[in-house]
Amino acid sequence: MKSIVIYNSQTGFTKQYAEWISEAAGCECVSLKKIRKIKLADYDAIVFGSWCMAGTLMKLDWFKKQMPSLSAAGKKLIVFAVGATPAEAPEVAAEMKRMLSEEEKQMAKLFYCPGGLNYDNMNWLSKTMMKMLAKMLMSKKDATKKDIKKAEMILNSYDISDKKYIAPIVSEIK
């Protein structure tokens, strides 16, 4: 089965997961920036991975446009989202539920992989948004311990990525 992993990464976590998946599944790995040279119809399985910001999977609209024709051609479609939130956090399930419509869920399998924050690789806008979010959480009148803990967590870079999260994705490819 000829497979490809296409990724969109801002700070490196999605790229790392894409490389792990590619290596484990024995398939090609390409940045979304270089996809114009690739003919997706030549692949049996197409995996798209990107990073989340405020519950939105960046560049997912690009993949959604490809999905109907690829699905109709019998291609296996897989999407993985990489975020800074731990996988077991309740908000992850809620965000994942909203990423694809019911029709799109019939075409593609969706997975979540926790990544982290890397301020050294973030653009100015992303850094500013994260710092503002932390400040907002800490200054809430009715801030909970959970809010304060989250704010403290996002004030610094951290890495919660783990290779174990690729197992169901690799299994789905094969």
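Residues numbered from 1 in each chain as written. Predicted model: local features only at pLDDT ≥ 70, side-chain atom pairs only at ≥ 80, totals over all residues. Heavy atoms only, no water.

(A) Quick peek at the side chain of Ser22. With respect to the helices, strands and loops of the structure, Ser22 is situated in helix H1 (residues 13–25). Side-chain polar atoms of Ser22 contact the backbone oxygen of Cys27, separated by 2.3 Å. Not counting residues within four places of it along the chain, the set of residues in contact with Ser22 comprises Val5, Cys27, Glu28 and Cys29. (Helix = DSSP H or I, 4+ residues; strand = E, 2+ residues; numbered from the N terminus. Polar contact = N/O pair within 3.5 Å; in protein donor to acceptor, adjacent residues only side chain to side chain. Contact = heavy atoms within 4.5 Å.)

(B) Structural detail: the pattern of salt bridges. All chains considered together, the criterion is met by four salt bridges. Between Glu19 and Lys15 there is a salt bridge, and its shortest N-O distance comes to 4.0 Å. With Glu19 and Lys15 both in helix H1 and four residues apart, the pair spans about one turn of that helix. Judged by its relative accessible area of 36%, Glu19 is partly exposed. On the basis of relative accessible area, Lys15 is assigned to the partly exposed category, the value being 36%. Here Lys64 makes a salt bridge to Glu104, at a shortest N to O gap of 3.4 Å. With Lys64 in helix H2 (residues 60–72) and Glu104 in helix H4 (residues 102–107), this pair connects stretches of sequence that are 40 residues apart. On the accessibility criterion, Lys64 (22% relative accessible area) is partly exposed. (Salt bridge = Lys/Arg side-chain N within 4 Å of Asp/Glu carboxyl O. Buried < 20%, exposed > 50% of the residue type's maximum accessible area, 1.4 Å probe, protein only.)

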